[in-house]
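The primary structure of each chain is shown beneath.
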Amino acid sequence: MTVNSILVYAPSWIGDSVMSLGAVRALRENYPSARLAILTRPWVQELYSGCDIVDDTILYDPRGADLGIEGFFRAAGRVRREGFDVGVVFPNAFRAAALVRVAGVRERWGYATESRGFLLTKRVPQAPRPFGRHQSHFYLDLLSGLGLAVAEPDTSLTLTPAMREAARGLLERHGWKGGALVGVHPGATNSRAKVWKASRFAEVAVRLAEEHDAQVVVLGGVTEGELAAEVQRGLPPNIALTLQGRTSLADLMGVLAELSVFLTNDSGPMHLSAALGVRTLAVFGPTDARETGPVGARALVVREPVDCSPCVYRDCPIDHRCMERVSAQRVYEEASTLVAS
Ligand code: SF4
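Now for a description of the structure that goes with this document. What you see is a predicted model; the values in this text were computed from it and never measured.

Notes on the sheet that holds strand β4 (residues 86-89)
Strands pair in a sheet through their backbones, by hydrogen bonds, and they do so in one of two ways: parallel or antiparallel.
Then, number 1: A sheet is described by the order of its strands in space; here six strands give the open sequence β3-β2-β1-β4-β5-β6, paired in parallel fashion. Among the strands making up the open sheet, the edge pair consists of β3 (56-59) and β6 (122-124). Strand-to-strand twist in this sheet, taken as the mean axis angle between neighbours without regard to direction, amounts to 20 degrees.
Then, number 2: Where helix α5 (residues 135-145) meets the sheet, its contacts fall on β4, β5 (107-111) and β6, and the angle it forms with β5 comes to roughly 130 degrees.

The structure is reproduced here in structure tokens:
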């Protein structure tokens, strides 16, 4: 069949969206002249702004403007008006397949999960995921199951000059002197178990900043003020700046691109920085870095092996040993090696 236009129903979260980029790239390579659009949540949309493999985006905001069943049909109407030949549904949710069906997308491809097979025109059975297989393969396996050509996942991101310029302006307005920058992101969405001690992040950042004559920028979402403040308290005021709660996704990506090194937990910003080729050190505890770790030659994971990891907990039911045992000294040493590389 001739495919002139493809809609990708993208994952909801930043990290998953980054990990799906390899599959988006593979779609572009399989259909080089087709229009490739992304149905995306508003908080992820800017991730695609600098992607030259993507032609445009359509918003779906089920927690805001498209809340409830009316919002669902409104979003389906937006897709219908564009008239896509193919919809590739990356998330496993029933609602995702239902939306492309209601939108009248002619060919609908996805995993046959959640009893939604009848909504799809090409169904790929989801095999049990081999232990330790990276999440980026989950999306590529869907494409290979559809008979498309795929290579190793390339999840790299690029920024437009305007995005970089805007981020530099933001940093300068908050006290950046234009030199080396160490970035710290002490939070992790929806999980306290994934959070390493903020005071240890501060300790490592100060040592790195002193050695490299750098400033430290603290990053985080709007709900991460407490953690950001705790890092801030551990930093000498003359080197510290904070952008916690003050960045759009595009700003965040632009700021990450300026960093000499980024210290983070397992988080969406971790995936962004690794995809941007920034030196990224991620402290892992309850999650499995083989499955959700940062992808890229300049990304490094630090963890201490404990018998109970990986686990499914958002709050540790015992003594949080997976994170407690990761010392500031160890992270500092690994980060120093990374900076020198
Ligand atoms: S149960 Fe173990 S792996 Fe899970 S959060 Fe607690 S210490 Fe970490």
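Notes on the packing of helix α6 (residues 161-173) against helix α9 (residues 249-257)
Then, number 1: Contact geometry for α6 and α9: axes closest at 8 Å, N-to-C directions at 80 degrees. Relative to α9, the element α6 lies roughly perpendicular. Contacts between α6 and α9 involve M163, R164, A167, L170 and L171 from the first element and A250, D251, M253, G254, V255 and A257 from the second.
Then, number 2: Classifying every residue of the contact of α6 with α9 gives eight nonpolar, one polar and two charged.

Examining the site of the ligand
Then, number 1: A193, P286, C308, S309, C311, Y313, C316, P317, I318, H320, R321 and C322 make up every residue found near the ligand.
Then, number 2: Tallied by class, the residues present in the shell around the ligand amount to nine nonpolar, two polar and one charged.

Concerning unusual backbone geometry
Then, number 1: Going from S309 to P310, the amide bond is cis rather than trans, its omega being 0 degrees.
Then, number 2: You can see P310 is positioned in the loop between β12 (299-302) and α12 (321-324).
Then, number 3: Here S115, not a glycine, exhibits a phi torsion of approximately 55 degrees, which is positive.
Then, number 4: By the element assignment, S115 lies in the loop between β5 and β6.
Then, number 5: Residue classification places S115 among the exposed positions, given a relative accessible area of 65%.
Then, number 6: Positive phi outside glycine occurs at D213, with the angle close to 50 degrees.
Then, number 7: Here D213 is to be found in the loop between α7 (198-212) and β8 (215-218).

Focus on the nonpolar core
Then, number 1: Counting residues in hydrophobic clusters, the biggest one holds 59 residues, and the most contacted among them are L47, F90 and L272.
Then, number 2: Looking at which element gives the most residues to this core, the answer is α9, with six residues.
Then, number 3: Three or more residues apiece are contributed to this core by two domains, here domain 1 (5-145) and domain 2 (162-340).
Then, number 4: With residues near it in sequence (within four places) discarded, L272 still touches I14, V18, L47, L157, L249, L252, M253 and L256.
Then, number 5: Ranked by size, the runner-up nonpolar core spans 34 residues in total, among them I239, L263, M323 and V326.

Criteria and thresholds
Residues numbered from 1 in each chain as written. Predicted model: local features only at pLDDT ≥ 70, side-chain atom pairs only at ≥ 80, totals over all residues. Heavy atoms only, no water. Pairing = 2+ DSSP bridges. Helix = DSSP H or I, 4+ residues; strand = E, 2+ residues; numbered from the N terminus. Axes fitted to C-alpha atoms, helices over the stretch in contact; angles between N-to-C directions. Contact = heavy atoms within 4.5 Å. Parallel < 35°, antiparallel > 145°, perpendicular 65-115°, else oblique. Nonpolar A, V, L, I, M, F, W, Y, C, P; charged D, E, K, R; others polar. Near = heavy atom within 4 Å. Buried < 20%, exposed > 50% of the residue type's maximum accessible area, 1.4 Å probe, protein only. Core = buried A, V, L, I, M, F, W, Y, C linked by side-chain atoms within 4.5 Å. Domains from an automatic or database assignment.

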